[in-house]
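# Survey of secondary and tertiary structure
What follows is each chain in one-letter form.
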Amino acid sequence: MSTTQVRTRFAPSPTGYLHVGGARTALFNWLYARHHGGTFVLRIEDTDLERSTEESVTGILDGLSWLQLTWDEGPGQGGDFGPYFQSERLDIYREYVQELLDGDKAYLCYCTPEELKVRREEALAQGQDPKYDRRCANLSASQRRALQDEGREPVVRFRSSDVGTTEVNDLIRGQITFDNEMLDDFVILKSDGMPTYNFAVVIDDHLMQITHVIRGDDHISNTPRQIQVYEALGFPVPEFAHLPMILGSDKTRLSKRHGATSVTEYRDDGFLPEALVNYLALLGWSYSATDTLFTMEELIEKFSLDRVSRNPAVFDMKKLEWMNGVYLREVEPGRLTDMVMPRLQKEGLVPKTVDGATRARVKQIAVALQTRIRTLDEIVPSSRYFFVDDIEYDPAAVEKFLYRDYVPDMFHVLHDELAKAEPFTETNIEKAFLAVQAKVDRKLGDVIQPVRVAVTGTRVSPGMYEVLAALGKDRTLTRLKTGAQMAKKGLAIHS
RNA sequence: GCCCCCAUCGUCUAGCGGCCUAGGACAUCGCCCUCUCACGGCGAAGACAGGGGUUCAAAUCCCCUUGGGGGUACCA
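This one's a predicted model, so the numbers in the text were calculated from it and none came from an experiment.

### Here we look at the overall build of chain A
- On a plain count of helices and strands, chain A comes out with 20 helices and eleven strands.
- Its C-alpha atoms give chain A a radius of gyration of 32 Å, more than 25% over the compact-globule value 23 Å for 495 residues.
- Taken over the C-alpha atoms alone, chain A extends approximately 105 × 50 × 45 Å along its principal axes.
- Taken across its 495 residues, chain A has 51% of its residues classed as buried.

### Overview of helix α7 (residues 223-233)
- Burial analysis of α7 places ten of its eleven residues in the buried class, which makes it a mostly covered element.
- Here α7 has its buried residues at Thr 223, Pro 224, Arg 225, Gln 226, Ile 227, Gln 228, Val 229, Tyr 230, Ala 232 and Leu 233.
- Gly 234 lies just past α7 and shows a positive phi near 75°.

### Concerning the nonpolar core
- Phe 315, Leu 418 and Phe 433 are the most contacted members of the largest nonpolar core, which totals 108 residues.
- Among the elements that line this core, the one with the most residues is helix α1 (residues 20-35), at nine residues.
- Dropping the residues within four chain positions of it, Leu 418 is found in contact with Phe 424, Ile 429, Ala 432, Phe 433, Leu 468, Lys 473, Thr 476, Leu 477 and Leu 480.

### Quick word on the protein's contact with RNA strand B
- Around RNA strand B there are 63 residues in total, and Thr 47, Lys 190, Thr 371, Arg 372 and Ser 461 lie nearest to it.
- In RNA strand B, atoms within 4 Å of the protein come 72% from sugar and phosphate.
- One of the backbone N or O atoms of Gly 284 is found 3.0 Å from a phosphate oxygen in RNA strand B.
- Here a sugar or linking oxygen of RNA strand B and a side-chain polar atom of Gln 449 are 3.2 Å apart.
- Taken together, the elements giving at least two residues each to the surface near RNA strand B come down to α4 (113-125), β4 (155-158), β6 (174-179), β11 (313-314), α11 (317-329) and α18 (444-456).
- Element by element, the count of residues in the surface near RNA strand B is highest for α18, at five residues.
- The class makeup of the residues in the surface near RNA strand B is 22 nonpolar, 19 polar and 22 charged.

Thresholds, definitions, all that
Residues numbered from 1 in each chain as written. Chains lettered and ligands numbered in written order. Predicted model: local features only at pLDDT ≥ 70, side-chain atom pairs only at ≥ 80, totals over all residues. Heavy atoms only, no water. Helix = DSSP H or I, 4+ residues; strand = E, 2+ residues; numbered from the N terminus. Rg over C-alpha atoms; globule rule 2.2 N^0.38 Å. Buried < 20%, exposed > 50% of the residue type's maximum accessible area, 1.4 Å probe, protein only. Core = buried A, V, L, I, M, F, W, Y, C linked by side-chain atoms within 4.5 Å. Contact = heavy atoms within 4.5 Å. Near = heavy atom within 4 Å. Polar contact = N/O pair within 3.5 Å; in protein donor to acceptor, adjacent residues only side chain to side chain. Nonpolar A, V, L, I, M, F, W, Y, C, P; charged D, E, K, R; others polar.

Right, dumping it as structure tokens:
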């Protein structure tokens, strides 16, 4: 075990929202740093001028913050190794590019993207490796001038070795060997003056003193290129750990067509950050044969790279939903009310300004539905009948439970019993029901199910007494009257 | 095409040569609880991709095949 401070980083490119795969990578980096009392760095890799946007940066920052994946250095945090936006580090890259140029470890290349594309396709068509043909590798000064005069903007290419092998020592996969022959002279500085990923990542990871590069295994193939740059510059090579990919249900790379892939989308749909984190932690990592539920603290304590899997993992929405439900059930009533309130307001079910009585009622409803929702958003459809007067009736439910000959009379009796219930509490409501049940001499279910349909419009709801108490006496009595009329009409038509 | 990675129930995984007639979780199904649903409890079904080796012994080690994923950009 080395005594050097562990420093990890998450280095997203701001070309879109924070993807759950990215969040998982961030999480593992964060956990590794926290576990070792190290530093977690956030660096924005915005060298792609075409695709990088300000909104993406904001979205990524928001997503990480929501997940509680706090960074010690990076945007908004500062740090001794900044700037943390690659677009602000251009001078630094140029300096090292020049160093390579001076040492003849890199050279100017004047081939245009179009020319390269044609040559690549030709090579492929002839069954040859589509690597750069090095035609600019040994240009004379006058040749360069001629090309320059044609108006060509050069790129800088790394002069890569094509003999021997490059070894990647991966903490998760062990040693991986690449034939240097496979690597071509890749571009390190684009014609617009921006560095490419494979170059900038090396400079930054070195300068930011990153000790452990933990990233998706789609970067494995890039690693030998990066190692060659480390070596050309005389930088020590950090540790690498390549995480398995996250796939969709069809085993292809997780993308939008598999469903939600954005962290903020999960937030908006009503997932809890601790549930998403717990779920993501289990995608590629496991602690034991039996444990699946972990708090953040436990994750920090138990996380280790040697328990990271090598297999790609399919993102299982069902399991995430289950896990979210588990966390949801643990939420205190007060906090649950706070979480549910804005969603009800957004739907216009609860007014924008909430008085004490309304809040108490929402709390009562939220608690009643707590074991029945898997995401916060589900509160909306499952509680609608508490808030609106023109409830929707499920025809099948009406048919089955309301169109019974004893129902109209029973509803009248129940109506009068409930009218007497004061205060309108669960216990008093239960007394009324038991009295009615005795009077009509039927099973409790035969009393309750018709009432449930009359009151909620459906055959599914929390406990009847709980529902009526939260609904309130007035609405309950009104719906019983309406129900009795519906029952009468229905029975008349049927007979 | 070439290079690299990966391969245990439908899914996430435990397993790191004998403890495995392969364990857990989600999903599925059944039963219990019960005013419905949910929660909870109990139970069932369900996997070592195929073929060769190595070994007294292989899910575990090696090789091949097959399958999946990734890379091969002036994207990251």
